[in-house]
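A look at the structure
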Amino acid sequence: MKILVCISSVPDTTSKISFTDGDTKLNKAGVQYIIGPYDDYALARAVELKEKSGASITVLNVGEADAEPQIRKALAIGADDAIRVDADPVDSYFVAEQIATVAKEGNYDLILMGRETSDYNSGVVHGIVGEILGIPSFSPVMQLDIEGGVAKMTREIEGGKEKLEAPLPLVLGCQEPIAEWKIPNMRGIMTARTKPLKVIPASGEAFTSTDKYSLPPAKGACKMIAADEADKLIELLRKEAKVL
Amino acid sequence: MAILVFTEIADGAIKKSSLEAIYYGSQVAEKTGTSVTALAIGKADGAELAIAGNYGASKVLHANDTKLELPNSMAYAKVLVEAANTTGAKVIITAKSSLADAVTARAAGTLKAAVVGNVVELPDLSNGFKVKRSIFTGKAFADVNVKSDIKVLAIKKNAVNPVESSNSATVEAFTPALSDNLFTAKVTETVKATGTVSLPEADLVVSGGRGMKGPEHWQPLLDLADALGAATACSKPVSDLDWRPHHEHVGQTGVKVSPNLYIACGISGAIQHLAGVNSSKIIVVINKDADAPFFKAADYGIVGDVFDVLPKLTKAVKELK
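Residues numbered from 1 in each chain as written. Chains lettered and ligands numbered in written order. Predicted model: local features only at pLDDT ≥ 70, side-chain atom pairs only at ≥ 80, totals over all residues. Heavy atoms only, no water.

Under the annotation held in an unreviewed UniProt entry, chain B carries the name Electron transfer flavoprotein subunit alpha/FixB family protein and is attributed to Emticicia agri. What UniProt states about chain B under its Sequence similarities (unreviewed entry) heading is, verbatim, "Belongs to the ETF alpha-subunit/FixB family." (UniProt positions renumbered as here; feature names shortened; annotations may be inferred.)

The name given to chain A in an unreviewed UniProt entry is Electron transfer flavoprotein subunit beta, with Emticicia agri as the source organism.

Here you go:
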C-alpha cells in the first residue's frame, strides 16, 4: 500500500498572533512552527498502518523552505521519503492542485491529511483533491482500518458519528482519536537526516491574496458577580447583554 | 453575478444556519442587482422550503432523489455543480459545516473556484471582490481578494443578522442525473444524538470542564441548558476522559462555536479551548479559581463553586419564564 500524508507547517496553537509590515504579513518572530495538529494525527495513523500491515509513506508539504524542519520531523516519525512543493500555501484550491499533481504521478492508495489546517481552518483541501482526482473523500475521520482494499472508517457528523466503508483509493481528512500523536525517537531522528526530500516547483496560480490582517477588538473588563447573588447574572444577560 | 446558496435540511426543514446563508446571499444580490437561488437536497416539505423566500431567495431548487436521502458529498457536489451551471451562479454561498465543507470543496474542484471559509462580513465589491474571514481559529482576521471567476464563500455563524420579509420563494424540483459511481461508499451505522439542541447551530451553549468533577455530576449543567434551551458542550480533557461524547468537545481541535452566549462551567480557559469559543458574543465564566485565565476572555464572571451557582442560575431562568 502506498500512502501519501500531506502536512502543513503552522504556528504552534499557543502562539500569540500578530502582524508586521503595516498588517500585511504574519509576524514570525518568536513563533514556533509545528506540523499541523490534525495532519500529525493523519501521519500517526499512517505509521500505525505501516507497522501493522506494511506500507510506504511519502510525506508531502506545499510550503517554503522554512517548513523543512517539520518535514524532517515527519520523516523521523516514520515516513519513508518526502516531497516539498516550493510555494507559499496561500489558497486552498492552489494547495489542493499541487497535492493532486503529486498524487497523480505517485498513484497512491490512500491520501491522508488533517481535517483542516490550524491557521486558515477552511477544511476543504481534501475535498478539492478528491474531486480533481475523481476519487471519494471523507472528513473528519476518527477511526481508520484497511481490510482487503477497503477502508473501514468512523466519521464525525453533526451531533454524532457514522461508520462507513469505501474501496481505495481515497482521500481522508483526519482528526482525533484516529491515533495518538507520535514523538520521534533518536533512531528516527538520525535516519530522517538521510531520507530523500525532493523539492519541486509549483504549477498554477493562487485564486486569492490577502490585503490586510487584523486582530479582534480587545475584550472589555469582565464584570464580576458575587456567587451568592448568581441569579443577578440572568437579569444582566437579559437586560444588559440582551442575549436571553 | 447570480447567487446560489447550498442549503442544508434537518428534519424536513431548512437549517437555521442555512437561512442565515440565504439572507447573506440576498444582501450580496442586493449589492449586485441579481437574485438568489437556494439549492436544497433531501427530503423536505415544499412549504418549509418556501420559507427561503422570507430570507431573500427568489427560487428554491429541490433535489429529492431517494438516492440523496443520506448525505453524500460526491453526489451532493454533483447536484451543486449542475445547479451552478443551470443558474449561471458566480457566487456560491453556504453556512460553514462539515457537510457543507465537503460538498462545496468537491464542487469547487470541478468549477475551479476559490473557497473562502469562515467569512464574517458581507463582501466589499468596490474594487474587485474582497471578503473578511476569520483565521487562526478566531485569533485574527484576513481581508481576502478573491480572483476566480466562480467564488465559494462559507459563512461563519452570526456573520449577518437576518431580517425576515413576507416574500415567498417558488420551489422547483431539480433532478440531475446521478451515476452509480457517486455511491461507492456504504454507511453501515449512524449514531446520532436526538432531541437535543445541535451544538454548531446553537445560539446558547452551556459547557463544562474538569471542574465538574465527573460525568455523574453533570445534571446541574444539563438542567441549566434545558431551562435555557441551550446546547451542551465540554472541554477537551472532558471528552478525552470520556465524561462526555467527542462531538461536544469545543476548542482548537474540536467544534468551533460562535453562539450569542457561551457559559463555561469549571473550565480554566486554556488557549486551545479559547480558540474554539472566542467568537462567541457574550462569554460567562463560572470557576472557583479567581485566577483562571478564562476570566480575562469573559464578559461576566462568577468566582464560586459551580455546584452552588448552577442551581441558582437554573432557578432564575425558570422564574424568568
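We are not done yet, so read on.
1. So, a nonpolar patch on the surface
Residues and elements named next belong to chain A. Taken together, Met186, Ile189 and Met190 make up a surface patch of nonpolar side chains, about 300 Å² in accessible area. Relative to the elements of secondary structure, Met190 occurs in helix α5 (residues 186-192). Given a relative accessible area of 45%, Met190 falls into the partly exposed group. (Patch = residues over 30% accessible without salt bridge, like charges linked within 9 Å, V, L, I, M, F, W, Y side chains within 5 Å. Areas by Shrake-Rupley, 256 points an atom, 1.4 Å probe, with all protein chains shown as cover. Salt bridge = Lys/Arg side-chain N within 4 Å of Asp/Glu carboxyl O. Helix = DSSP H or I, 4+ residues; strand = E, 2+ residues; numbered from the N terminus. Buried < 20%, exposed > 50% of the residue type's maximum accessible area, 1.4 Å probe, protein only.)

2. Notes on the sheet that holds strand β15 (residues 261-265) of chain B
Within the open sheet, the six strands sit side by side as β15(A)-β17(B)-β16(B)-β15(B)-β13(B)-β14(B). Their pairing is parallel. Since the sheet does not close on itself, it has two edges, and those belong to β15 (223-225) of chain A together with β14 (231-234) of chain B, each with one partner. Neighbour-to-neighbour, the strand axes of this sheet turn through a mean angle of 20°, independent of strand direction. Summarising the sheet, β15(B) and strand β16 (residues 282-287) of chain B pair through five bridges and their orientation is parallel. Paired with Ile263(B) across the two strands is Val284(B), which belongs to β16(B). (Pairing = 2+ DSSP bridges. Axes fitted to C-alpha atoms, helices over the stretch in contact; angles between N-to-C directions.)

3. Considering the environment of Ala233(B)
Residues and elements named next belong to chain B. Within the element layout of this structure, Ala233 appears in strand β14. Along the primary structure Ala233 and Thr170 are separated by 63 residues, whereas in three dimensions their C-alpha atoms are 38 Å apart. With residues up to four places along the chain from it excluded, the contact list for Ala233 reads Leu199, Val205, Val206, Ser207, Gly208, Glu248 and Val250. (Contact = heavy atoms within 4.5 Å.)

4. Some remarks on the UniProt feature "domain: Electron transfer flavoprotein alpha/beta-subunit N-terminal" (unreviewed entry) in chain B
Sequence positions flagged by UniProt for "domain: Electron transfer flavoprotein alpha/beta-subunit N-terminal" (unreviewed entry) are, in local numbering, residues 3-187 of chain B. Taken end to end, residues 3-187 of chain B is 28% helix and 31% strand, and its first and last C-alpha atoms sit 32 Å apart.

5. Details of the packing of helix α3 (residues 73-87) of chain B against helix α4 (residues 98-111) of chain B
Residues and elements named next belong to chain B. At a minimum axis separation of 8 Å, α3 and α4 run at an interaxial angle of 55°. For the element pair α3 / α4, the angle class is oblique. Viewed along their axes, α3 and α4 form a crossing whose handedness is right-handed. Residue-level inspection shows Ser73, Met74, Tyr76, Ala77, Leu80, Val81, Ala84 and Asn85 of α3 in contact with α4, the latter providing Leu99, Ala102, Val103, Thr104, Arg106, Ala107, Thr110 and Leu111. Of the residues that constitute the contact of α3 with α4, the class distribution is eleven nonpolar, four polar and one charged. (Parallel < 35°, antiparallel > 145°, perpendicular 65-115°, else oblique. Left-handed = near helix turned anticlockwise from the far one by under 90°. Nonpolar A, V, L, I, M, F, W, Y, C, P; charged D, E, K, R; others polar.)

6. Describing empty space enclosed by the protein
Taken as a whole and judged by the stated rule, the model has two cavities of 30 Å³ or more. Counted as a void, the largest cavity has a volume near 70 Å³. Elements with a minimum of two residues in the lining of the largest cavity: β9 (137-147) of chain A together with α4 of chain B. Broken down by element, the residue count for the lining of the largest cavity peaks at three residues, all from α4(B). When grouped by side-chain class, the residues that make up the lining of the largest cavity number two nonpolar, four polar and three charged. By volume, the second largest cavity is sized at about 60 Å³. As for the second largest cavity, its lining consists of Val10(A), Pro11(A), Asp12(A), Thr13(A), Ser15(A), Ile17(A), Ser118(A), Asp119(A), Phe136(B), Thr137(B), Lys139(B) and Gln252(B). For the lining of the second largest cavity, the class distribution of residues is four nonpolar, five polar and three charged. (1 Å grid on protein atoms, 1.4 Å probe; cavity = no way out; pocket = protein on both sides within 12 Å on 5 of 7 lines; lining within 4 Å. Points joined across faces, edges and corners; volume = space filled by probe spheres on them.)

7. Quick notes on the domain arrangement of chain B
Residues and elements named next belong to chain B. Domain assignment breaks chain B into domain 1 (2-182) and domain 2 (204-320). Domain 1 and domain 2 are separated by 32 Å when their C-alpha centres are compared. With both chains or domains summed, domain 1 and domain 2 bury close to 650 Å², and 43% of this area falls on carbon and sulfur atoms. Where domain 1 meets domain 2, there are zero salt bridges. Counting every contact that joins domain 1 to domain 2 gives five residue pairs in polar contact (both at pLDDT 80 or more). Along the lines of polarity and charge, the residues of the side of domain 1 that touches domain 2 split into no nonpolar, four polar and three charged. (Domains from an automatic or database assignment. Buried area = accessible area lost by both parts, 1.4 Å probe. Polar contact = N/O pair within 3.5 Å; in protein donor to acceptor, adjacent residues only side chain to side chain.)

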